[in-house]
Amino acid sequence: QVQLVDSGGGLVQTGGSLKLSCIASGSIFDSYLLGWFRQAPGKEREFVAAISRGGTTMYGEENMKGRFLISKEGTWGTVYLQMNKLNPEDTAVYYCAATGTGTMGMTIDLRRYVYWGQGTQVTVSS
């Protein structure tokens, strides 16, 4: 199985930056994708970004591109989410997630992500 530990959230002012980290352990090579979702109170969990073992990336919204950057480090199992020019609308709990063994392509489908971190709170003040 796969275990995910996500971290790096905190309080930042509008226009500031944060870098989130996700460290995977276990059978991570069974996962084709590692990604990030976020969930604000009263809202659905929203896809933010994903990266494949080969380095292909995908972002959820156009306004995230250019502000957010997902990257990986090492062989496989460590990913980051660099977030710049943050605004209060980015306030949410951010979750690292990994796909299961049956997924071998890029997807934003929440159901395909079967392993989850505990979540890290990002709060952007105005």
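Above this text is the structure in question.
Anyway, here's the lowdown on the structure attached to this text. Every chain is numbered on its own, with residues counted from 1 as its sequence reads. Totals for whole chains, interfaces and linings use all residues, but because this is a predicted model, local features are given only for residues with pLDDT of at least 70 and pairs of side-chain atoms are given and counted only at 80 or more. Each side-chain value is worked out from all heavy atoms of the structure, with water and hydrogens disregarded.

**Looking at the overall build of the protein chain**
Runs of H or I in DSSP of at least four residues are treated as helices and runs of E of at least two as strands, each being numbered from the N terminus. Along its length, the protein chain carries 0 helices and 11 strands. Listed by position from the N terminus, the elements making up the protein chain come as β-β-β-β-β-β-β-β-β-β-β. In this setup the radius of gyration rests on C-alpha atoms only. A globule is expected at 2.2 Å times the number of residues raised to 0.38. Taking 126 residues into account, the globule formula puts the C-alpha radius of gyration at 14 Å, and the protein chain, at 14 Å, falls close to it. Seen through its C-alpha atoms, the protein chain measures out along the principal axes to roughly 40 × 30 × 25 Å. Taken over 126 residues, the protein chain has a buried fraction of 44%. Should any heavy atoms of two residues lie within 4.5 Å, those residues are considered in contact. Counting contacts in the protein chain only where the partners sit at least 6 residues apart, residues at least 24 apart contribute 59% of the total. Accessible area is worked out with a 1.4 Å probe on protein chains only. A residue is then buried under 20% of its type maximum, exposed over 50%, and partly exposed in between.

**As for unusual backbone geometry**
For Lys85, which is not glycine, the phi torsion reads 50 degrees and is therefore positive. On the secondary structure map, Lys85 appears in the loop between strand S8 (78-83) and strand S9 (92-99).

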